[in-house]
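What the coordinates show
Single-letter residue listing:
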Amino acid sequence: MCNFLAIDDFTNKELKTLLKLAIDLKKEYFSNGNKPILNDKTLAMIFQKPSLRTRVSFEMAMHHLGGKAIYISPSEIELGKRESVADVAKVLDGYVDGIMARVFQYQQLIELAENTTIPVINGLSNYNHPCQALGDILTIMELKSRVEGLKLAFVGDGNNVATSLAKICALMNINFTIASPKGFELNKDIINHIKTISSDNQADFLQVSNPIEAVSEADIIYTDVWTSMGQEQEKESRRQLFQNYQVNQMLVDKAKSNVIVMHDLPANRGEEITEEVADGSNSVIFHQAHNRLHSAKAILYHLLANKQ
Ligand code: CP
Ligand code: NVA
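Described in the following lines is the structure provided in the data block. (Residues numbered from 1 in each chain as written. Chains lettered and ligands numbered in written order. Predicted model: local features only at pLDDT ≥ 70, side-chain atom pairs only at ≥ 80, totals over all residues. Heavy atoms only, no water.)

1. Let's talk about the packing of helix H6 (residues 130–144) against helix H7 (residues 160–171)
Running from amino to carboxyl end, H6 crosses H7 at an angle of 45 degrees, the nearest separation of the two axes being 8 Å. The orientation of H6 with respect to H7, classified from their angle, is oblique. Considering the relative orientation of H6 and H7, their crossing is right-handed. Of the residues in H7, those touching H6 at Pro-130, Ala-133, Leu-134, Asp-136 and Ile-137 are Ser-164, Leu-165 and Ile-168. When the residues that make up the contact of H6 with H7 are grouped by side-chain class, the tally is six nonpolar, one polar and one charged. (Axes fitted to C-alpha atoms, helices over the stretch in contact; angles between N-to-C directions. Helix = DSSP H or I, 4+ residues; strand = E, 2+ residues; numbered from the N terminus. Parallel < 35°, antiparallel > 145°, perpendicular 65-115°, else oblique. Left-handed = near helix turned anticlockwise from the far one by under 90°. Contact = heavy atoms within 4.5 Å. Nonpolar A, V, L, I, M, F, W, Y, C, P; charged D, E, K, R; others polar.)

Structure (structure tokens):
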């Protein structure tokens, strides 16, 4: 485990170790504050896209653990344009102890990792969002007291967030059903891979088109924006195509009565989730956002502590 690039690079046991670490670091933080175990470490954070949660949670995680974070804005280094990805990786190798990057192309994260000796963390790519998925399982563990055998219904786009979430659910024995409009399902290769992981771990995976079918008996309903960063030109057409995939109170009422509603945020209230549901009694969206801090600490601790 020298990078954090994709959920399927990890085993169930390794994910459980990271989650236990997150729980312990969260407890420690709320009792006496975290020990400064990263006091000589610096993280470079490269962003090709905007961010609130990922940027601030990683920056604060480094701060709480006694380290430093350097934010590098989208226009600052123009990864792959002003300078090649490999050159950026080789230069940062001599300055900092780790790189977290939010990119368009997942391949650029692989390239960063291949050209540096320091750990690389995926802060989101068009393909996946593993840091979000780890924090989300932490939230589910805390609120449901278990994960095995639960049913999670994802309503919406088969996007980066859905990909990492489906994979982590498969690995953690959570049954995953995704309801997407035609043409916006998870990619076929991803589905085949998830089905393999799911059957190895006795979890079900289902891609459907009907959101009501998806949420039936669900313990968790999860949604994300209909238009991801970089797809802005499709916003209007997506708004039309996804209109039956809104998480509203009527849909929530079709799930178990104690269902929790999750959203990685930012949300477009009134589109994929109504105001009523986002602020309603089943919603855990801010608890979920706050857990990004604690799961980020687990990733950083694991990759950076005790490394030369
Ligand atoms: N959920 C998430 O990754 O949020 P940001 O885009 O604000 O980092
Ligand atoms: N799917 C969204 C997630 C944002 C955290 C996007 O990529 O824009």
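2. Topic: the sheet that holds strand E5 (residues 151–155)
Strand pairing in a sheet relies on backbone hydrogen bonds, with the paired strands running either antiparallel or parallel. Reading across the sheet, the five strands line up as E7-E6-E5-E8-E9 and stay open at both edges, with parallel pairing between neighbours. If you trace the sheet from one side to the other, it starts and ends with strand E7 (205–208) and strand E9 (260–263), each paired once. For this sheet, the mean inter-axis angle between neighbouring strands, taken without regard to orientation, is 20 degrees. Where E5 lies against strand E6 (residues 175–179), five bridges are found, and the strand directions are parallel. Looking at E6, one finds that Lys-151 is bridged to Asn-175. This element, helix H13 (residues 285–304), spans strand E8 (220–223) and E9 of the sheet and lies at about 50 degrees to E9. (Pairing = 2+ DSSP bridges.)

3. Examining the nonpolar core
Counting 60 residues, the largest nonpolar core has Phe-4, Phe-58, Ile-121 and Leu-152 as the members making the most contacts within it. Not counting residues up to four positions away in its chain, the partners in contact with Leu-152 are Ile-140, Leu-165, Cys-169, Ile-174, Asn-175, Phe-176, Thr-177, Ile-220 and Tyr-222. Among the nonpolar cores identified, the runner-up in size contains 24 residues, and Ala-218, Ile-221, Leu-265 and Val-277 belong to it. (Core = buried A, V, L, I, M, F, W, Y, C linked by side-chain atoms within 4.5 Å. Buried < 20%, exposed > 50% of the residue type's maximum accessible area, 1.4 Å probe, protein only.)

4. A closer look at the side chain of Asn-159
Here Asn-159 shows up in the loop between E5 and H7. One polar contact links the side chain of Asn-159 to the main-chain amide nitrogen of Ala-162, over a distance of 3.0 Å. Ignoring any residue separated from it by four or fewer positions in sequence, one finds Asn-159 in contact with Phe-154, Leu-186, Asp-224, Val-225 and Ser-228. (Polar contact = N/O pair within 3.5 Å; in protein donor to acceptor, adjacent residues only side chain to side chain.)

5. Looking at the site of ligand 2
Around ligand 2 sit Leu-124, Asn-159, Asn-160, Val-161, Asp-224, Val-225, Ser-228, Met-229, Asp-264 and Leu-265, and that is every residue in its neighbourhood. With respect to ligand 2, the backbone of Met-229 contributes an N or O atom lying 2.8 Å from an oxygen atom. For ligand 2, whose free accessible area comes to 270 Å², the fraction covered by protein is 94%. Put simply, ligand 2 lies in the largest pocket. (Near = heavy atom within 4 Å. Areas by Shrake-Rupley, 256 points an atom, 1.4 Å probe, with all protein chains shown as cover. 1 Å grid on protein atoms, 1.4 Å probe; cavity = no way out; pocket = protein on both sides within 12 Å on 5 of 7 lines; lining within 4 Å. Sits in = over half its atoms within 2 Å of the grid points.)

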